[in-house]
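Fold and contact review
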Amino acid sequence: MGSSTSTISVLLFLGLVQFAVSGHDYKQALSKSILFFEAQRSGHLPPNQRVSWRSHSGLNDGKSIGVDLVGGYYDAGDNVKFGLPMAFTVTTMCWSIIEYGGQLASNGELGNAIDAIKWGTDYFIKAHPEPNVLYGEVGDGKSDHYCWQRPEEMTTDRRAYKLDRNNPGSDLAGETAAAMAAASIVFRRSDPSYSAELLRHAHELFEFADKYRGKYDSSITVAQKYYGSVSGYNDELLWAAAWLYQATNDRYYLDYLGKNGDSMGGTAWSMREFGWDVKYAGVQTLVAKILMQGKAGEHTAVFERYQEKAEQFMCSMLGKSTKNIQKTPGGLIFRQRWNNMQFVTSASFLAAVYSDYLSSSKRNLRCSQGNISPSKLLDFSKSQVDYILGDNPRGTSYMVGYGHNYPRQVHHRGSSIVSFKVDQKFVTCRGGYATWYSRKASDPNVLTGALVGGPDAYDNFADNRDNYEQTEPTTYNNAPLLGVLARLISGPTDFDQRLPGVSPTPSPVIIKPAPIPKRKPTTPPAPAASSPSPITISQKMTSSWINEGNVYYRYSTKLTNRSTKRLKNLKISITKLYGPIWGVTKTGNSYGFPSWMKYLPAGKSMEFVYIHSAAPANVLVSNYSLE
């Protein structure tokens, strides 16, 4: 790499470089964050279960009422299966795959992510045995929280609670419909019959939610203290309709969004959060995508109002709105004391996808304080993830098992008690509190990948098991993080997320650069660099800006394997480079594949980018082999 210390320092300080070179291993964090879901599994664990300290649990769920409700996820550090956060978890995992499935595949995690989704959707199929019946909870928080036991031997009440025509729950049924619709997109290519089954359930659940309206916690009252539906059900009905339109292109759902946007709050509510209860920001982001795809039709005016609210949410994250989201002194979004991290990951995900939507549409973010480059949203997402992984005043990683300074006393029954496979001595309901909960030592089982509740409004954090507001993890903390991490692994590469619309279960691909803007006459030319056949190299200038009188250029370089064999042992020679570079690994005086790539398949391309204040660097292939 060339050197120009003063230039790079200025760029990094002013934030003009879209991505600073990060010390974080996003690929490792991605792998760990997906692994966490295996620790939360209920039911018969499969032979390929990777979290080895867990075992089968909840095997009699639903048996007393003649319904098989075995499976699904425990939401957090307890042993209850709450339907609303579980469905939101699955929906956001699906959204992560729909947007960034190619990146997950390239990093070897698409299969694990799909398995995590199917563990949830298999359970939802069981929980929806009739069109107008949905089981929304197994177990209850009161009896569960009275005990501290491993899920493998819990003695707490496992009663099942359901919704039906006389006991409606439009919010829970709507969220579950959204999860099934989004999952049908994920499985459309790999398992068409399963995808069709999921879509059938989604249609039925939406009709049930819309026809028999009511808040689910008025029917399942035991959920009120733990997952009360404060926002009501209108947001979930719009959310479900948006996902059903994404899955089907059925005009009925497009019309539903258009005709009900004003009356149901989709165009009225300017949000400061997105999570298992309040879906409006997610709805507004999805509808803005539909608008940018040119599919709004007669509903364009209404959809533009959705988009205005989506952009107000984005601007508030960047501190560019009239009412901005609160942040800690260290820069983390802060919404509430109890499990604040859920709002950090969900907001970061929305910022990442909306950044890509805007880039694909060649638009800027419109804020009250002026137009903002889409890259600033991606920078924001990166700043939040980097804080989570350790770039914070405490130097603490809030992902268990990542880095060296992470929480050791997690508020989690399974991880805090010796594994059932190691010691099968029965842990009693209250005895677990006396022996294990109050134990001032590290957990015997590392809950790898779990994202805990996180610090307070002043970046303070206490790693104590009884500090449940800060040390308890949840599935919905991790779910949106999958997409953000997958996106960040790819660096500053522009994505075309707008067309051709939702893409089901992408195959492993190398992302191609976005269309290049027209060049100004003063821009230096970017000729294609020479390279030996059968490898071609092309370079294009993708953006430019002026700082203190100097013009800086961002160049995208694409290397394509045009042979019929795999390209391996690649060495690239780059000269006249005077700035930072991403997407390749430097070894000695040459560059090679990024660390996660071992070879380039036949007919595929890889891309790397660099920034400097000069004409394009000289890029040559100095060595390679075809196998």
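Residues numbered from 1 in each chain as written. Predicted model: local features only at pLDDT ≥ 70, side-chain atom pairs only at ≥ 80, totals over all residues. Heavy atoms only, no water.

This part covers helix α14 (residues 341-360). Taking 1.5 Å per residue, 20 residues should reach 28 Å; α14 reaches 29 Å between its end C-alpha atoms and fits that length. Most of α14 is tucked away, with 19 of its 20 residues classed as buried. Just downstream of α14 lies Lys362, where phi reads positive at about 55°. (Helix = DSSP H or I, 4+ residues; strand = E, 2+ residues; numbered from the N terminus. Expected span 1.5 Å × (residues − 1). Buried < 20%, exposed > 50% of the residue type's maximum accessible area, 1.4 Å probe, protein only.)

Below, the discussion takes up the environment of Arg188. Within the element layout of this structure, Arg188 appears in the loop between α6 (170-186) and α7 (192-211). Taking the C-alpha atoms as reference points, Arg188 and Leu199, separated by 11 residues in sequence, lie 10.0 Å from one another. Within the structure, Arg188 has its side chain in polar contact with the backbone oxygen of Ala247 (distance 2.7 Å). (Polar contact = N/O pair within 3.5 Å; in protein donor to acceptor, adjacent residues only side chain to side chain.)

Packing of helix α11 (residues 251-260) against helix α13 (residues 300-318) brings their axes to within 9 Å, and their N-to-C directions diverge by 70°. By the angle between their axes, α11 is roughly perpendicular relative to α13. Touching Leu254, Leu257 and Gly258 of α11 are Val302, Phe303 and Tyr306, all from α13. When the residues that make up the contact of α11 with α13 are grouped by side-chain class, the tally is five nonpolar, one polar and no charged. (Axes fitted to C-alpha atoms, helices over the stretch in contact; angles between N-to-C directions. Parallel < 35°, antiparallel > 145°, perpendicular 65-115°, else oblique. Contact = heavy atoms within 4.5 Å. Nonpolar A, V, L, I, M, F, W, Y, C, P; charged D, E, K, R; others polar.)

Now for the pairing of strand β12 (residues 605-612). The side chains of a regular strand alternate between the sheet's two faces. For β12, the tally of buried residues reaches eight of eight residues, placing the bulk of the element in the interior. Relative to β12, strand β9 (residues 581-582) is paired through two bridges, and the arrangement is antiparallel. Counted as the bridge partner of Trp582 is Val609 from β12. (Pairing = 2+ DSSP bridges.)

This next bit is on the nonpolar core. Membership of the largest hydrophobic core comes to 151 residues, with the highest contact counts inside it found for Trp95, Trp243, Phe303 and Leu365. Per-element tally for this core: the top contributor is helix α3 (residues 83-106), with 13 residues. Residues within four places of Trp95 in sequence aside, it is in contact with Trp239, Trp243, Phe274, Gly282, Thr285, Leu286, Phe349, Leu350, Val353 and Tyr357. Leu559, Met606, Val619 and Val621 belong to the second largest nonpolar core, which has 23 residues in total. (Core = buried A, V, L, I, M, F, W, Y, C linked by side-chain atoms within 4.5 Å.)

Topologically, Ser490 is positioned in the loop between α19 (475-489) and β6 (535-547). Along the primary structure Ser490 and Trp582 are separated by 92 residues, whereas in three dimensions their C-alpha atoms are 9.0 Å apart.

A few words now on the packing of α13 against α14. Contact geometry for α13 and α14: axes closest at 11 Å, N-to-C directions at 120°. Read as a crossing pair, α13 and α14 show a hand that is left-handed. In contact with Gln307, Glu311, Phe313, Met314 and Met317 of α13, α14 contributes Ala347, Leu350, Ala351, Tyr354 and Leu358. Within the contact of α13 with α14, the residues separate by chemical class into eight nonpolar, one polar and one charged. (Left-handed = near helix turned anticlockwise from the far one by under 90°.)

So, about the packing of aromatic side chains. Following the criterion strictly, the structure yields 29 aromatic pairs and no others. Aromatic side chains Trp95 and Phe349 sit 5.1 Å apart centroid to centroid with 75° between the ring planes, which places their arrangement in the edge-to-face category. A residue pair is termed long-range when its members are at least 10 positions apart, and Trp95 in helix α3 and Phe349 in helix α14 qualify at 254 residues. For Trp95, a relative accessible area of 0% gives the class buried. Owing to a relative accessible area of 1%, Phe349 belongs among the buried residues under this scheme. (Phe/Tyr/Trp six-rings, centres within 6.5 Å; stacked < 30°, edge-to-face > 60°.)

Summarising the model, the protein shows a mean pLDDT of 89, and 89% of its residues fall at 70 or more. In the predicted structure, residues 498-532 sits below a pLDDT of 50 and forms 92 contacts with residues beyond four places in sequence or in another chain. (pLDDT = per-residue confidence, 0-100.)

Topologically, Leu485 is positioned in helix α19. On the accessibility criterion, Leu485 (0% relative accessible area) is buried. Placed 104 residues apart in sequence, Leu485 and Ser381 show a C-alpha to C-alpha distance of 9.4 Å. Filtering out sequence-adjacent residues up to four positions away, Leu485 remains in contact with Tyr26, Ala29, Leu30, Ser33 and Val385.

Let us now look at the state of the cysteines. Under the counting rule described, the total for this entry stands at two disulfides. Sulfur-sulfur distance for the disulfide between Cys147 and Cys429 comes to 1.9 Å. Linking Cys147 and Cys429, the disulfide has an S-S dihedral of approximately -85° and is accordingly described as left-handed. Linking Cys147 in the loop between α5 (141-146) and β3 (160-163) with Cys429 in the loop between α16 (413-416) and α17 (431-437), this pair joins segments that are 282 residues apart in sequence. The pair Cys147 / Cys429 is uniform in exposure class, with both members buried. Between the sulfur atoms of Cys315 and its disulfide partner Cys367 the distance amounts to 2.0 Å. Its torsion about the S-S bond being -90°, the disulfide of Cys315 and Cys367 is classed as left-handed. Taken together, the positions of Cys315 in helix α13 and Cys367 in strand β4 (residues 365-367) put the pair 52 residues apart, joining distant regions of the chain. Looking at Cys367, the relative accessible area reads 11%, which means it is buried. Here the bonded cysteines of the protein are numbered in sequence order, and their pairing is 1-4, 2-3. (Disulfide = S-S within 2.5 Å.)

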